[in-house]
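Spelled out, the chains give:
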Amino acid sequence: MLRYFTGRLISLILTTLAASVIVFLLMQVLPGDPAAIMLGINAQPDTLAALQKQLGLDAPLIVRYFNWITGFPVGDFGTSYTYSVPISELIGPRLQVTLPLTVLAMILSVVIAIPLGVIAASKRGSATDVVGMGVAQIGVAIPNFWLGLLLILFFALTLGWFPASGFAGWENGLWAGTRSLILPAVALALPLAAILARVTRSAVLETLSEDFVRTARAKGLGRNAALWKHATPNALIPVVTILGLQFSFLLAGTIIIENVFNLPGLGRLIFQSIAQRDLVTVQSLVTLLAASVIAVNFLVDMAYGFLDPRLSTGVRA
């Protein structure tokens, strides 16, 4: 297990470094000079050169990358061109919105998807199965931003149960903050839940045909007990795989959803920084999001080792 963990940890570090290089280089090839944008079209050449030097834009690429990436381990992501404050000060308050939103969306998707997939598998071919998977197919096809607009129209503007936009803030109480995130979390969770439900159904159906389930049934174990105690736990590996893969799409979705619901999170900060050509902020935030996705995939790999010890020991059946 230690060897398995070490190998995955090294892979995580190398992949994160590779992602940071790609993000940094992509930011450099984008058209436009941040210093020129900050000073305007009438800026004098000497003033422009002085600002470029102050921002470190006149240094060679390798030096700029090294100065930027070496600050990451200590939480120094550089200084925002637009706000003239350390980027770490911008991340903290916005992370208090994006992180709970992402976690809530993940929890909702799992709570909806796994029971739906298991029940559909247990009633294969029935009306419950057909209707459940039909709804899941619709959920896959609906864009989350359009779903978000429908949720605002019905639950916020028509029923008045939730705020249409904005974030109340955790300082106003746990319920006030959570209430602001419920509709955005549902908009993010339902498309993911639809995919997870279909994967869960397929995985459970495959597991139900395995010999150990048939043996348990032959020994007198009830149908529901065999389904939930034997088939479902052994069908979790593909579900965990999809959940890890979908985490990146969930983070990308927050950029859109936070703008739809006007939430002051990391996604909205990325959008604003792109519009303002604040490249150092964009590259730091995108790298952090990429590192988060890589870290989640690392945790998924670790979960594999616990769900199926053969993967961590190298033993094959």
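Residues numbered from 1 in each chain as written. Predicted model: local features only at pLDDT ≥ 70, side-chain atom pairs only at ≥ 80, totals over all residues. Heavy atoms only, no water.

**Thoughts on the overall build of the protein chain**
When its secondary structure is counted, the protein chain shows 14 helices and 0 strands. Beginning at the N terminus, the succession of helices and strands in the protein chain can be written as α-α-α-α-α-α-α-α-α-α-α-α-α-α. Nonlocal contacts in the protein chain, meaning residues at least 24 apart in sequence, comprise 72% of its contacts between residues at least 6 apart. (Helix = DSSP H or I, 4+ residues; strand = E, 2+ residues; numbered from the N terminus. Contact = heavy atoms within 4.5 Å.)

**Quick look at the packing of helix H7 (residues 144-158) against helix H11 (residues 236-260)**
Packing of H7 against H11 leaves a shortest axis separation of 9 Å and a crossing angle of 30 degrees. Looking at the two axes, H7 sits roughly parallel to H11. Between H7 and H11 lies a crossing of right-handed hand. In contact with Asn144, Phe145, Leu149 and Ile152 of H7, H11 contributes Gly253, Ile256, Ile257 and Val260. Residue composition of the contact of H7 with H11, by class: 6 nonpolar, 2 polar and no charged. (Axes fitted to C-alpha atoms, helices over the stretch in contact; angles between N-to-C directions. Parallel < 35°, antiparallel > 145°, perpendicular 65-115°, else oblique. Left-handed = near helix turned anticlockwise from the far one by under 90°. Nonpolar A, V, L, I, M, F, W, Y, C, P; charged D, E, K, R; others polar.)

**Section: the packing of aromatic side chains**
Scanning the entire structure with this criterion turns up 8 aromatic pairs. A ring pair is formed by Phe24 and Trp68, whose centres lie 5.8 Å apart and whose planes are at 25 degrees; its orientation type is stacked. Note that Phe24 is positioned in helix H1 (residues 2-29) and Trp68 in helix H4 (residues 61-69), a separation of 44 residues in sequence. Like Phe24, the residue Trp68 is buried in the burial classification. Seen from their ring centres, Trp68 and Phe72 are 5.1 Å apart, and the 80 degrees between their planes marks the pair as edge-to-face. For the residue pair Trp68 and Phe72, the accessibility class agrees, reading buried in each case. (Phe/Tyr/Trp six-rings, centres within 6.5 Å; stacked < 30°, edge-to-face > 60°. Buried < 20%, exposed > 50% of the residue type's maximum accessible area, 1.4 Å probe, protein only.)

**Some remarks on helix H5 (residues 87-122)**
With 36 residues, H5 ought to run about 52 Å at 1.5 Å a step, and its terminal C-alpha atoms sit 50 Å apart, in line with that. Of all the bends in H5, the greatest, near 45 degrees, is centred on Arg94. (Expected span 1.5 Å × (residues − 1). Bend = angle between axes of the 7 residues up to and from the residue.)

**Digging into a nonpolar patch on the surface**
Together, Phe5, Leu9, Ile10, Ile13, Leu14 and Leu17 line one region of the surface with nonpolar side chains, adding up to about 520 Å² of accessible area. Position of Ile13 among the secondary structure elements: in helix H1. (Patch = residues over 30% accessible without salt bridge, like charges linked within 9 Å, V, L, I, M, F, W, Y side chains within 5 Å. Areas by Shrake-Rupley, 256 points an atom, 1.4 Å probe, with all protein chains shown as cover. Salt bridge = Lys/Arg side-chain N within 4 Å of Asp/Glu carboxyl O.)

**Focus: the nonpolar core**
Core analysis: the biggest nonpolar cluster contains 52 residues, and Trp68, Leu196 and Phe261 have the highest contact counts within it. For this core, the secondary structure elements donating two or more residues are H4, H5, H7, helix H8 (174-208), H11, helix H12 (266-275) and helix H13 (279-307). Sorting elements by how many residues they give to this core places H8 first, with 11 residues. In terms of nonpolar packing, the next biggest core, distinct from the first, is built from 6 residues, Ala121, Ala203, Leu205 and Ala235 among them. (Core = buried A, V, L, I, M, F, W, Y, C linked by side-chain atoms within 4.5 Å.)

**Focus: the environment of Val131**
Structurally, Val131 can be placed in helix H6 (residues 127-141). With a relative accessible area of 53%, Val131 lands in the exposed category. Separated by 11 residues in sequence, Val131 and Ala120 place their C-alpha atoms 8.9 Å apart.

**Regarding unusual backbone geometry**
Glycine aside, negative phi is the norm for most residues, and most peptide bonds take the trans geometry. Here Asn262, not a glycine, exhibits a phi torsion of approximately 55 degrees, which is positive. The residue Asn262 is located in the loop between H11 and H12 in this model.

**Points about the confidence of the model for the protein chain**
For any part of a model where pLDDT is low, the fine detail of the predicted coordinates should not be relied upon. Taken as a whole, the protein chain shows an average pLDDT of 79; of its residues, 81% reach a score of 70 or greater. Within the protein chain, the element-level pLDDT minimum falls on helix H14 (residues 309-313), averaging 53, and the maximum on H7, averaging 88. (pLDDT = per-residue confidence, 0-100.)

**Points about H7**
In this model H7 runs 20 Å from its N-terminal to its C-terminal C-alpha over 15 residues, within 8% of the 21 Å that 1.5 Å per residue would give. Among the residues making up H7, those that are buried are Asn144, Leu147, Gly148, Leu151, Ile152 and Ala156. Two residues or fewer past H7, Gly160 is found with a positive phi of approximately 70 degrees.

**Concerning the packing of H5 against H11**
Interhelical geometry of H5 versus H11 gives an angle of 140 degrees and a closest axis separation of 10 Å. As the angle between them shows, H5 and H11 are arranged oblique. Judged by the sense of rotation from one axis to the other, the crossing of H5 with H11 is right-handed. Contact residues: H5 offers Thr98, Leu101, Thr102, Ala105, Met106, Ser109, Val110 and Ile114, while H11 offers Leu236, Val239, Leu243, Phe247, Leu250, Leu251, Thr254 and Glu258. Among the residues making up the contact of H5 with H11, the classes are represented as 11 nonpolar, 4 polar and 1 charged.

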